[in-house]
Amino acid sequence: MDVFENGVAETGAELGIVMKAHTPLGAGMLTGRLRSPDGLPANEYHRFFPRFQPENFGNNLQLVEKITRLAEERKCMPAQLALAWIKSKSRQPGMPFIVPVAGARSERRIIAMQQMSS
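Rules and cut-offs
Residues numbered from 1 in each chain as written. Predicted model: local features only at pLDDT ≥ 70, side-chain atom pairs only at ≥ 80, totals over all residues. Heavy atoms only, no water. Phe/Tyr/Trp six-rings, centres within 6.5 Å; stacked < 30°, edge-to-face > 60°. Helix = DSSP H or I, 4+ residues; strand = E, 2+ residues; numbered from the N terminus. Buried < 20%, exposed > 50% of the residue type's maximum accessible area, 1.4 Å probe, protein only. Lys NZ or Arg CZ within 6 Å of the ring centre and 35° of its normal.

Some thoughts on the packing of aromatic side chains
Within the structure shown, the criterion is met by four aromatic pairs. Seen from their ring centres, F4 and W85 are 5.5 Å apart, and the 90 degrees between their planes marks the pair as edge-to-face. Separated by 81 residues along the polypeptide, F4 in the segment before α1 (8-15) and W85 in helix α3 (residues 78-90) bring together distant segments of the chain. Residue classification places F4 among the partly exposed positions, given a relative accessible area of 21%. Note on W85: relative accessible area 45%, which makes it partly exposed. Considering the side-chain rings of F49 and F52, the 6.3 Å spacing of their centres and the 35 degrees angle between planes classify their relative orientation as tilted. For F49, a relative accessible area of 26% puts it in the partly exposed group. Three or more aromatic residues link up through ring pairs in this structure, and these residues are Y45, F49, F52 and F57. Seen from the ring of F4, K89 lies directly overhead, with NZ or CZ sitting 4.6 Å from the centre.

See the structure below:
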């Protein structure tokens with residue numbers, strides 16, 4: 001369900017509700033870490049999301065490839081492009097304030113995310 005198409009984002013804006021963008025980097029798909037559904041640990045809750053099911057995963061990798069090409073054209077990383085897109089949506093009329101919540105599993109990732117946001 002797309003919150004930008006089903007009225008949820010607009011309603012949030014009208015009511016002054018901040019929207020949390022959970023897993024904005026696709027649980028590793030946009031960082032290149034996740035290349036197959038088998039890359040998710042067995043106890044990882046993302047494993048149960050429809051986008052990570054084997055029948056959908058290939059289509060989502062094709063979308064990641066398109067995002068990767070767009071990022072290359074703009075001389076940035078796919079993760080940077082995704083986070084910038086979320087920030088740009090937050091500034092549009094009729095959109096709520098959107099806070100991306102990206103996790104990190106290493107110090108290197110935290111430093112990279114700090115550099116992306118500055």
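So, next bit.
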